[in-house]
Amino acid sequence: MEQNEINIPEIPEKKNKKKIWLVAAGILAACLLVGTMAFACIVKLYNTSERKLLKGFISLAEEFGDWNEIWKVETGKDFANASDRMKLTTIMNVSGEDLPITLGIDVESMRDMEAKRLKSSLIFSVSNTDLAEVITYADEKKIMLAMPDFFRQNLSFQTNHIERQYNQSLWAEKFGKMEEEEISIDLFAREDKTEKEIDIEQLINKWKEMDTEGITIEEMEETVDHYTQYRIVLPQELVESIIKTEELASDVALLVSMDKRNRIMQIQFEEPVLISNGVKEPISVSGSMMFLGEERSIDDIAVRCEWDIPMDALELDEKTKEALEVFGNKSGLQDNIEFVTDMNIALDENDISVVADLNKLTISVDRLGTYKITGSVKAEPLKEEIRPLEGETISLFEITEEEYEDLTTQISHNLYKWIAALESVY
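Residues numbered from 1 in each chain as written. Predicted model: local features only at pLDDT ≥ 70, side-chain atom pairs only at ≥ 80, totals over all residues. Heavy atoms only, no water.

## Notes on the overall build of the chain
Then, in step 1: If you tally the helices and strands in the chain, you get nine helices and 18 strands.
Then, in step 2: The burial tally for the chain puts 42% of its 426 residues in the buried class.
Then, in step 3: Element-wise, carbon and sulfur atoms account for 50% of the exposed surface of the chain, whose accessible area totals about 24800 Å². (Helix = DSSP H or I, 4+ residues; strand = E, 2+ residues; numbered from the N terminus. Buried < 20%, exposed > 50% of the residue type's maximum accessible area, 1.4 Å probe, protein only. Areas by Shrake-Rupley, 256 points an atom, 1.4 Å probe, with all protein chains shown as cover.)

## A closer look at unusual backbone geometry
Then, in step 1: Its identity as a non-glycine residue notwithstanding, Lys116 has a phi of 55°, on the positive side.
Then, in step 2: The residue Lys116 is located in the loop between β3 (103-112) and β4 (117-126) in this model.
Then, in step 3: Positive phi, close to 65°, is recorded for Asn262, a residue that is not glycine.
Then, in step 4: With respect to the helices and strands, Asn262 occurs in the loop between β10 (252-258) and β11 (264-269).
Then, in step 5: Residue classification places Asn262 among the partly exposed residues on the basis of a relative accessible area of 22%.

## Re the nonpolar core
Then, in step 1: Judged by nonpolar contacts, the single largest core of 53 residues is most densely connected at Leu53, Ile232, Ile264 and Phe291.
Then, in step 2: Formed by 21 residues, the second largest nonpolar core is a distinct cluster that contains Ile143, Phe188, Phe397 and Ile399. (Core = buried A, V, L, I, M, F, W, Y, C linked by side-chain atoms within 4.5 Å.)

## Overview of the side chain of Ser297
Then, in step 1: The residue Ser297 is located in the loop between β13 (283-291) and β14 (300-310) in this model.
Then, in step 2: Among the residues examined, Ser297 registers a relative accessible area of 2% and is labelled buried.
Then, in step 3: One polar contact links Ser297 to Glu63, side chain to side chain, over a distance of 2.7 Å. (Polar contact = N/O pair within 3.5 Å; in protein donor to acceptor, adjacent residues only side chain to side chain.)

## Let's talk about the packing of aromatic side chains
Then, in step 1: Taken as a whole and judged by the stated rule, the model has six aromatic pairs.
Then, in step 2: Both rings, one in Trp67 and one in Trp71, keep their centres 6.5 Å apart while their planes meet at 55°; by these two values the pair is tilted. Of this pair, Trp67 and Trp71 both sit in helix α3 (residues 51-75), four residues apart, which is roughly one turn of that helix. As far as the burial class goes, Trp67 and Trp71 line up, both buried.
Then, in step 3: Both rings, one in Phe150 and one in Trp418, keep their centres 6.1 Å apart while their planes meet at 50°; by these two values the pair is tilted. Here Trp418 lies in helix α9 (residues 401-424) and Phe150 lies in the loop between β6 (142-146) and β7 (154-158), a separation of 268 residues in the sequence.
Then, in step 4: Judged by relative accessible area, Phe150 falls into the buried class, the value being 10%.
Then, in step 5: By the ring-pair criterion, three or more aromatic residues cluster together here, those being Phe157, Tyr166 and Phe397. (Phe/Tyr/Trp six-rings, centres within 6.5 Å; stacked < 30°, edge-to-face > 60°.)

## Notes on the layout of surface pockets
Then, in step 1: Looking at the second largest pocket, its volume works out to about 180 Å³.
Then, in step 2: In this structure, the second largest pocket is lined by 14 residues; those nearest its centre are Ser109, Met110, Leu118, Lys119 and Ser120.
Then, in step 3: Elements with a contribution of two residues or more to the lining of the second largest pocket: β2 (85-96), β3, β4 and β5 (129-139). (1 Å grid on protein atoms, 1.4 Å probe; cavity = no way out; pocket = protein on both sides within 12 Å on 5 of 7 lines; lining within 4 Å. Points joined across faces, edges and corners; volume = space filled by probe spheres on them.)

## Comments concerning the side chain of Thr228
Then, in step 1: If you trace the backbone, Thr228 turns up in strand β9 (residues 228-234).
Then, in step 2: The residues touching Thr228, leaving out its near neighbours within four places in the chain, are Lys52, Glu219, Val256, Ser257 and Met258. (Contact = heavy atoms within 4.5 Å.)

## Some points on the pairing of strand β15 (residues 336-348)
Then, in step 1: Judged from the eleven bridges that link them, β14 and β15 form a sheet pairing that is antiparallel. Directly across from Ile309, in β15, lies its bridge partner Ile337.
Then, in step 2: For β15 and strand β16 (residues 353-365), the ladder comprises twelve bridges, and the chain directions are antiparallel. Residue Thr341 lies in a different strand from β16, and its bridge partner there is Leu361.
Then, in step 3: The antiparallel hairpin formed by β15 and β16 contains four residues in its connecting segment, where Ile352 sits at a positive phi of about 50°. (Pairing = 2+ DSSP bridges.)

## Comments concerning the pattern of salt bridges
Then, in step 1: What the rule picks out here adds up to 14 salt bridges.
Then, in step 2: For Arg231, the salt bridge goes to Glu270, with nearest N and O atoms at 2.8 Å. Of this pair, Arg231 sits in strand β9 while Glu270 sits in the loop between β11 and β12 (273-275), and the two are 39 residues apart along the sequence.
Then, in step 3: Arg304 serves as the salt-bridge partner of Glu306, at 3.0 Å between the closest nitrogen and oxygen.
Then, in step 4: Here Arg304 falls in the partly exposed class, since its relative accessible area comes to 34%. (Salt bridge = Lys/Arg side-chain N within 4 Å of Asp/Glu carboxyl O.)

As structure tokens, this is what we get:
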């Protein structure tokens with residue numbers, strides 16, 4: 001068993017003031033962390049006997065570059081800016097040990113940052129029976145809402161100074177005024193006004209210039225699948241500089257498996273990564289990525305992630321904590337939330353789409369029980385114009401007494417039918 005260690009001269013640290021967002025959907029964040037840290041070891045491999053592993057990482061980078069070019073030819077944009085003009089179709093089912101039914105949520109959303117328009121359709125279902133649809137449209141000036149199962153008109157309001165619109169409306173007369181504190185909605189704001197461009201060669205060169213002193217690489221015995229396996233230990237300080245945190249508990253060890261064609265087949269954490277996050281019990285993160293595509297290994301990626309999050313790490317306010325304490329009858333348990341996800345991500349060159357099949361997302365909350373989410377998400381370039389909702393439209397904050405009475409009558413009548421339909425599925 002051979003171990004190499006090469007010290008690379010330090011590169012002056014560059015301050016990065018960009019805000020780092022933690023995604024609670026946060027499932028893919030662990031996978032991104034695995035890939036990013038693994039790429040950082042390229043410097044350590046350069047000009048060593050482990051050139052095969054270096055070649056594997058560069059091959060992965062080139063495959064992502066190929067896919068980016070395919071997307072760019074179709075849309076005129078890098079994949080990093082894919083969400084600027086994207087159609088997203090989501091199908092989700094939620095079940096749980098304490099739920100007598102299966103909840104369904106189907107969403108089709110379209111986004112065009114250039115035209116500054118959004119549109120979405122959300123359908124709720126219970127045990128495969130559709131119960132309600134919510135349709136929304138938004139542009140720079142207005143937001144439109146339709147709920148055809150409850151009322152026939154569209155409702156609309158302006159996005160600026162919502163509190164002022166409300167306080168001058170019939171709603172304020174009936175339900176009281178709001179505080180004079182500005183409430184405006186900007187759905188098209190960009191933190192960074194410039195578009196991101198993906199330059200794979202530039203990224204590889206940056207990896208080679210990174211200060212990776214302390215990284216160790218150890219070739220392990222072949223796996224049962226006859227893959228060559230490497231153990232890569234990344235120093236705590238290096239990982240913290242990559243993910244912009246100072247809260248890791250130790251170094252991070254990765255296991256990387258390669259096939260006979262020098263393709264990387266799997267990257268995984270050897271042991272769970274512990275993140276202190278300033279609380280007594282640390283957040284625990286573990287996971288793996290398998291690259292299963294035939295022509296391009298990234299065409300089919302299997303992802304498994306596990307997060308164990310103490311409730312204290314969520315920094316909940318006191319009202320939320322009190323609600324959780326009385327919600328459910330599971331007493332004497334630790335306040336932890338556990339996420340376990342198992343999913344496949346497929347890149348389809350024929351229709352230029354990315355499909356994530358969520359085989360299972362299990363969410364366990366000590367006081368509330370265990371819930372399972374299954375479904376799929378399909379992302380593809382937007383190929384159609386987003387138009388406002390058609391039909392009769394009422395300005396929500398200019399509603400008249402007659403329109404108000406008609407609206408409330410419709411809602412009351414249809415709500416009774418909705419409850420009857422809900423009861424029929426039990």
